[in-house]
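Each chain is listed here by its residues.
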Amino acid sequence: EVSDPWGGGHDVWKVGGKSYAIMGTQNEGVTLKCADSGTAQMLIEVGRAEKAPYLPRGGWVFIRFGAMESPELAERLRSSYLTVHRSLTKKLQATLDPFDCPLPKR
């Protein structure tokens, strides 16, 4: 599902009611959930991502469009979706297709 919970064009993609991708009004990139904080830190250290603004630690990163090739960004989106999907209850997971990951568009 896609929503604009804060108004003003902030798009939030969710699975099972939990966010996995966020794009702000400037549309300069996308904020994603990494599988773990180590992966997030590695992406930040190698310059592929930045610390996600306004979000607590816990594996969230901001990836500017152009910071990585499209296939890698698509894989990061899928990974974010699957990371959040796995955090849902087993009952809720069973009602959702784990590979039905709508990709945010620029």
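Above this text you will find the structure in question.
These numbers were taken from a predicted model, which means no experiment stands behind them.

Procedures and definitions
Residues numbered from 1 in each chain as written. Predicted model: local features only at pLDDT ≥ 70, side-chain atom pairs only at ≥ 80, totals over all residues. Heavy atoms only, no water. Helix = DSSP H or I, 4+ residues; strand = E, 2+ residues; numbered from the N terminus. Expected span 1.5 Å × (residues − 1). Buried < 20%, exposed > 50% of the residue type's maximum accessible area, 1.4 Å probe, protein only. Core = buried A, V, L, I, M, F, W, Y, C linked by side-chain atoms within 4.5 Å. Pairing = 2+ DSSP bridges.

Draft legend 1. Region of interest: helix α2 (residues 70-87). Here α2 spans 26 Å end to end across 18 residues, near enough to the 26 Å set by a 1.5 Å rise per residue. By the burial criterion, the buried members of α2 are L73, A74, L77, S80, Y81, T83, V84 and H85.

Draft legend 2. A look at the nonpolar core. Core analysis: the largest hydrophobic core is formed by 20 residues, its most contacted members being Y20, A21, V30, L32, V61, I63 and L73. At the level of secondary structure, the elements contributing two or more residues to this core comprise β2 (11-15), β3 (18-23), β4 (29-33), α1 (37-45), β6 (60-64) and α2. The element that contributes the greatest number of residues to this core is α2, accounting for four residues.

Draft legend 3. Broad picture of the pairing of β3. Summarising the sheet, β2 and β3 pair through five bridges and their orientation is antiparallel. Bridge assignment links K14 to a residue of β3, and that residue is S19. Adjacent in sequence and paired antiparallel, β2 and β3 are bridged by two residues, among which G16 carries a positive phi angle near 60°. With two bridges joining them, β3 and β4 adopt antiparallel strand pairing. Paired with A21 across the bridge in β4 is L32. Where β3 folds back on β4, the antiparallel hairpin that results is connected by five residues, among which N27 adopts a positive phi of roughly 55°.

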